[in-house]
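Structure assessment
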Amino acid sequence: MDKKLLFIITIFFTLLNLNAQVKVSGVIIDEQNEPIPFSNVIFKGSTKGTISDENGHFYLQSNKIYTELEVSFVGFETKIIPLKKQNFNLKIILLEDRDELKEVMIYSGKIKKKGNPAIAILKKIWAKKHKNGIYLYNQYEYDKYEKLEFDLNNIDEKFESKKIFKGMEFVFEHVDTSAITGKAYLPIFINESMYKTYGSNLVPKKKIEKLIANKNSGFSDNQGLISFVKQLYVDYDIYKNYIKFFDKSFASPLSKLGPEIYNYVLTDSSFIDNKWCYNILFYPRRKNELTFKGDFWVNDTTFSIKEIQMYATKSANINWVKEIYIEQEFKVLNDSVFLLKRDHFMSDFSINRKDKSKGVYGKRTTLYNNHVFNVKRPDEYYKADVAQNEKIYHKSNDYWLQNRQEKLSKDEVGIYKMLDTLQTVKRFKELIDVAEILSSGYWNFTRGFDYGPIYSTVGFNDLEGLRLRIGGRTYFSQSDKWRLKGFLAYGFEDKKFKYGIEGKWMVEPRRRIILSVGNRRDIEQLGVSLTTANDVLDRSFATTSIFTRGDNTKLSNINLTNAKVTLEPVKNLHFRLSTTYKTIKSASPELFNIDYIDENGNIQSNLNQIDVNFAVQYTPKRVPWGLGVDRGVSNYGRFPTFFFSYTKGIKGIIESDFDYHKLQFFYQQPIQIGFFGRLTSTFEIGKTINTVPLSLLNIVPGNQTYFTSRKIFDLLDYYEFVTDQYASLHLEHNFNGRIFSKIPFLRKLQWREIIGIRGVIGSISDENIAINASDIIYTAPETVYWEYHVGIGNIFKLLRIDFEYRGSYLDVPNATKFAVKGGIGFYF
């Protein structure tokens, strides 16, 4: 054969092997055609494998060439399957291992714990786990690279031909196949970040991650999305009893509770990076619990994990997520220390769980390197910067080529190019505009101006009747250092205009010193919150609710002007100093009055008041995003809040009527209680010193709408209780379906159980009662008023229904003793 031809043929086949992929999918069944869940499937002669799902299905892929597949499960004979390059929809039948049936039957179904070598190894992991990795050193630091990616999945020709993609057909040139699920997917978004991490294990322990570079796939204004996704994929530790993400606590397979939750099987042993390791397979003992199936490799001397892969069971009670896959790799620092090297997390977001339903893959890949230990750093290293340098988001391509810990694949490089092209497609811009309107509530009317919030355009109450509102804000980017907001509203029943306007200016970004001033003239339902904020443009839900019960005419006209300065010297620690001038009077004196008797014995209907307020708010673990004057919060409801406020009312200035002091404290704490769901507690306490009229007292918040709401009392009417000192406690626990998962006919509905109790105690002074000339007869809950509720959440994944019961003050005339209320929310 011609040498030149031979050389060409050799190069041709070399290139084929470089790009070769072995892909295998199928189902594993027994002789009775029943699926065998959680079977071990590996490429023979390797540690590359997977676990079949609850229905026996599996998918496995490798860029290396393998010629045989090994399938095994305890109690069955191991089967070797010869492979081609493409091996789809295989039907693999495993035969019972009858020669060793008596021996292996103890491992069938629910595996016995006594004498199980896998559990013996697990106990050694428990004894060693606190001595692994970075926790052996006083101080540590390392570089972290993080990549987030979104992909549309289950792409087919029918999907590609939809009209919505007209003019954007070129994007389907980037369709690929997932190595984990075998589904066709289209990359649509990628974001990369690099961090420098510093930590100390000395008491008090400290850790800080400093963002040094960030790059995304062409969307210049998507930091909110990125931050939200990062909070879904929070860092986790497989050695802890629970792994928390999507606001859920999944039982770790390495948990000390593991033998009660998982079955374990010792399946193999092999050298990995010159370390002898055991392979242990695990799968759940029960369905509908927040558990995983998978396997891990553990070193035989240090009992540190070398590799682990986990798939969340499809029966787990979690919304919008069809599949979850986790993979971690650890590297050997020395003979006894393992460090996390690579962490890959993938979830399949979908409306339903059918295999062929369309969805979105969300992927997070994190790599760690350049570890340095026992280098002492000053305390400043562990302090978070309140403001970030915008240069972080504008690093050059050369910078990324030099500093990435993992090169981008051909598909990932294509995402950047594809999305840069999409920015010029009119149809794509229209779709992005719609998405932004739905998520933010604002419509970008023209450059620099947004109309909204659109959800406040139409309202209704008994006095205004139909209320129409137009409003907007200045908006050039998320990094705006100043912003103006305003609205104009009209009530067709009272035939009156209302308005509000506010301006903010961030004069010092590093400490986030913000000056603001605003004015609002409007109708308001007072007394819907014990802890007051004096935010200019905020309007209570009770004022605009269409669906209400009982009398809804106890509304007030307010004219409020506020000026304030806020400061954030340390991340999540806010100080606020403000002054407010307000006039308050009844919006309909013939139906409701808030009159009081002044010091001369005259009845007054109008209140003029100026006050100065100092407030402190601390929200540890809160994750804000954005660099501008307005910032979002990506993990709302998942961090504690401490708030203290002191208000000094000043008499005589600008005809201000009263001199008083008001102290208020608010504390809210969400607590994840492992498998048993989440408890949210809210505590408030306050006192108003000196004599003041109704509008300045502490009104226990009632709720006359048909919707349940936090921090208020659902069975109280407005102004039912009035106090000048109070203490209240709200407790609500969501079991996340823990109870219903035990009931067969309720299990598939994936409803979630909710219980709660609220209570308040307070008093009102004789002096405050003496000046009252309003329609309201002051009554304070001098013995505890309490109410409780039981509810069902996650109905159709969005709704909840609560059954509310009054526990005290049952003899009050016209008291609401029972009510059914609803709610809407986005639940994972």
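Keep in mind that this is a model prediction, so the values were computed, not measured.

Cut-offs and rules
- Residues numbered from 1 in each chain as written.
- Predicted model: local features only at pLDDT ≥ 70, side-chain atom pairs only at ≥ 80, totals over all residues.
- Heavy atoms only, no water.
- Helix = DSSP H or I, 4+ residues; strand = E, 2+ residues; numbered from the N terminus.
- Buried < 20%, exposed > 50% of the residue type's maximum accessible area, 1.4 Å probe, protein only.
- Contact = heavy atoms within 4.5 Å.
- Salt bridge = Lys/Arg side-chain N within 4 Å of Asp/Glu carboxyl O.
- Pairing = 2+ DSSP bridges.
- Axes fitted to C-alpha atoms, helices over the stretch in contact; angles between N-to-C directions.
- Core = buried A, V, L, I, M, F, W, Y, C linked by side-chain atoms within 4.5 Å.
- Polar contact = N/O pair within 3.5 Å; in protein donor to acceptor, adjacent residues only side chain to side chain.
- Patch = residues over 30% accessible without salt bridge, like charges linked within 9 Å, V, L, I, M, F, W, Y side chains within 5 Å.
- Areas by Shrake-Rupley, 256 points an atom, 1.4 Å probe, with all protein chains shown as cover.
- Lys, Arg positive; Asp, Glu negative; His and termini not counted.
- Charge placed at Lys NZ, Arg CZ, Asp CG, Glu CD.
- Phe/Tyr/Trp six-rings, centres within 6.5 Å; stacked < 30°, edge-to-face > 60°.
- Lys NZ or Arg CZ within 6 Å of the ring centre and 35° of its normal.
- Expected span 1.5 Å × (residues − 1).
- Arc of directions from axis to C-beta.
- pLDDT = per-residue confidence, 0-100.

Observations concerning the overall build of the protein
The secondary structure content of the protein amounts to 12 helices and 44 strands. The burial tally for the protein puts 52% of its 828 residues in the buried class. Across the protein, contacts joining residues at least 24 apart in sequence account for 63% of those joining residues at least 6 apart.

With respect to the pattern of salt bridges
A complete count under the given rule lists 39 salt bridges for this structure. A salt bridge links Asp630 to Arg483, with the shortest nitrogen-to-oxygen separation between them at 3.3 Å. Taken together, the residues Asp630 in the loop between β33 (624-625) and β34 (632-633) and Arg483 in strand β25 (residues 482-491) connect sequence positions 147 residues apart. On the basis of relative accessibility, which here comes to 21%, the residue Asp630 falls in the partly exposed class. Here Arg483 falls in the buried class, since its relative accessible area comes to 4%. A salt bridge links Lys582 to Asp611; its shortest N-O distance comes to 4.0 Å. Of the two residues, Lys582 is situated in strand β29 (residues 573-586) and Asp611 in strand β32 (residues 607-618); the sequence distance between them amounts to 29 residues. What makes Lys582 buried here is its relative accessible area of 13%. By relative accessible area, Asp611 is classed as buried at 1%. Through salt bridges with shared partners, one network takes in Glu464, Arg467, Asp494, Lys498, Arg520, Asp522 and Glu524.

Section: the sheet that holds strand β3 (residues 49-51)
Hydrogen bonding along the main chain pairs the strands of a sheet, whether they run parallel or antiparallel. Pairing in this open sheet of 4 strands is antiparallel, and the strands run β3-β2-β5-β6 from one edge to the other. Either end of the sheet is taken by a strand with one partner, and the two such strands are β3 and β6 (79-82). Taking the axes of each pair of neighbouring strands and ignoring which way they run, one obtains an average angle of 20° across the sheet. One ladder, built from 4 bridges, connects strand β2 (residues 40-43) with strand β5 (residues 68-72); its direction is antiparallel. Bridging across to β5, Val41 finds its partner in Val71.

Let's talk about the pairing of strand β12 (residues 242-245)
Judged by which residues are buried, β12 turns out to be one-sided: Ile243 and Phe245 face inward and are buried, whereas Tyr242 and Lys244, on the alternate face, are not. Sheet topology note: the β12/strand β13 (residues 248-251) ladder contains 4 bridges and is antiparallel. By the bridge assignment for β13, Phe245 is matched with Lys248.

Regarding the nonpolar core
Grouped together as the largest cluster of nonpolar side chains are 41 residues, with contacts concentrated most on Ile125, Ile238, Phe245, Phe292, Phe296, Ile305 and Ile324. In terms of residue count, helix α3 (residues 117-128) provides more of this core than any other element does, 6 residues in total. Residues within four places of Ile305 in sequence aside, it is in contact with Ile125, Ile238, Tyr239, Leu254, Phe296, Trp297, Val298, Phe330 and Phe338. In terms of nonpolar packing, the next biggest core, distinct from the first, is built from 23 residues, Val528, Ile594, Leu696 and Ile699 among them.

Digging into unusual backbone geometry
At the junction of Val203 and Pro204, the peptide bond is cis and its omega measures out at -5° in the coordinates. Position of Pro204 among the secondary structure elements: in the loop between β10 (184-200) and β11 (206-216). The residue after Gly452, namely Pro453, is reached through a cis peptide bond having omega -5°. Tracing the backbone through its elements, the reader meets Pro453 in the loop between β22 (448-451) and β23 (458-461). If you check the backbone angles, Asn374 has positive phi at about 55° while not being a glycine. Residue placement: Asn374 occurs in the loop between β20 (359-373) and α7 (397-403).

A few points about the side chain of Glu289
Relative to the elements of secondary structure, Glu289 occurs in the loop between β15 (275-284) and β16 (292-299). Only 3.1 Å separates the side chain of Glu289 from the side chain of Arg286, close enough to count as a polar contact.

Section: a positive patch on the surface
Taken together, the side chains of Lys205, Lys240, Lys244 and Lys621 define a basic patch exposed on the protein surface. Position of Lys621 among the secondary structure elements: in the loop between β32 and β33.

Looking at the packing of aromatic side chains
Considering all chains together, one arrives at 28 aromatic pairs under this definition. Their ring planes at 10° and their centres at 6.2 Å tell us that Tyr140 and Tyr142 sit as a pair that is stacked. Assigned by exposure class, Tyr140 and Tyr142 land together as buried. Here the aromatic rings of Tyr490 and Phe492 are separated by 5.2 Å at their centres, their planes lie at 85°, and the arrangement is edge-to-face. Sitting over the ring of Tyr399, Lys395 keeps its end group 5.0 Å from the ring centre. Between the NZ or CZ atom of Arg473 and the centre of the ring of Tyr442, over which it lies, the distance is 3.8 Å.

Quick notes on helix α9 (residues 426-440)
Compared with the 21 Å implied by 1.5 Å per residue over 15 residues, the 21 Å span of α9 between its first and last C-alpha is a close match. Count one or two residues on from α9 and you reach Gly441, which has phi positive near 85°.

Points about the environment of Thr579
Considering the arrangement of structural elements, one finds Thr579 in strand β29. Along the primary structure Thr579 and Val565 are separated by 14 residues, whereas in three dimensions their C-alpha atoms are 9.5 Å apart. The residues touching Thr579, leaving out its near neighbours within four places in the chain, are Thr561, Asn562, Ala563, Ile610, Asp611 and Val612.

Focus: α3
With 12 residues, α3 should reach 16 Å at 1.5 Å per residue; the first-to-last C-alpha distance of 17 Å fits that figure. Regarding α3, the residues found buried are Ala118, Ile119, Ile121, Leu122, Ile125 and Trp126. Projected onto a plane normal to the axis of α3, the buried residues spread over an arc of 155° and lie on a single side. Counted as exposed and oriented over 90 degrees from the buried face of α3: Lys123 and Ala127. Those residues of α3 that are buried are in contact with α6 (258-261), β14 (262-272), β15, β16 and β17 (305-312). Sitting at the amino-terminal end of α3 is Asn116, which places a side-chain oxygen 3.0 Å from the backbone nitrogen of Ala118.

Section: the pairing of strand β42 (residues 785-795)
Pairing of strand β41 (residues 752-763) with β42, which is carried by 9 bridges, proceeds in the antiparallel orientation. Counted as the bridge partner of Glu753 is Ile792 from β42. Sheet topology places β42 next to strand β43 (residues 799-806); 7 bridges connect them, and they run antiparallel. Within the sheet, the bridge partner assigned to Glu787 lies in β43 and is Arg806.

Overview of the confidence of the model for the protein
Do not read the predicted coordinates in detail wherever pLDDT is low. Here the protein shows a mean pLDDT of 83. Residues at 70 or above account for 87%. This model gives residues 100-108 a pLDDT under 50, and the stretch forms 9 contacts once residues within four places in sequence are excluded.

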